[in-house]
Amino acid sequence: RYQFSTWLYTIALRIACDYAKSDRRRPAHVGLDAALAGATTPAATSCVDRAEQVDNIWKQAKAALSEEQFTALWLRYGEDLSPAEVARVMGRSRIAIRVMLHRARSTLVSQLRTPF
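Since the structure is predicted, the reported quantities are computational estimates derived from the model, not experimental observations. (Residues numbered from 1 in each chain as written. Predicted model: local features only at pLDDT ≥ 70, side-chain atom pairs only at ≥ 80, totals over all residues. Heavy atoms only, no water.)

Draft legend 1. Focus on the nonpolar core. Counting 14 residues, the largest nonpolar core has A61, L65, L73 and I97 as its most contacted members. Those elements that place two or more of their residues in this core are helix 3 (43–64), helix 4 (67–78), helix 5 (83–90) and helix 6 (94–113). Residue contributions to this core peak at 5 residues, all from helix 6. The contact partners of A61, leaving out residues within four places of it in the chain, are F70, L73 and L108. (Core = buried A, V, L, I, M, F, W, Y, C linked by side-chain atoms within 4.5 Å. Buried < 20%, exposed > 50% of the residue type's maximum accessible area, 1.4 Å probe, protein only. Helix = DSSP H or I, 4+ residues; strand = E, 2+ residues; numbered from the N terminus. Contact = heavy atoms within 4.5 Å.)

See below:
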């Protein structure tokens, strides 16, 4: 019913779009030499520093957000649940959880940007 070229063009277009989407999600490739040249501290020390930063961010989130926002944020990013799973756990709609997460992230970003 349709021409073969139309079918082939559609497949090629969808493959290209999928590739472009997945390429944006991947981090930029950094060579091992460049990564090692940029490192000023040993790997173990940087891992400890990173863990302390993550703990500090969660403490700031606990202080800045409401209990419900913090719970939603923790379930989403700390426990790696999907928004639908967070909604099921908290007994809220998926849209309500998405709005709550957006507002919690906005509050946290503004809190982190202010000087201490």
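Draft legend 2. Region of interest: the pattern of salt bridges. Per the counting criterion, the structure on display carries 2 salt bridges. For R92, the salt bridge is made with E68, and the minimal N-O distance between the two is 2.8 Å. Placement of the pair is R92 in the loop between helix 5 and helix 6 and E68 in helix 4, with a sequence separation of 24 residues. Accessibility expressed as a relative area gives 38% for E68, which makes it partly exposed. (Salt bridge = Lys/Arg side-chain N within 4 Å of Asp/Glu carboxyl O.)

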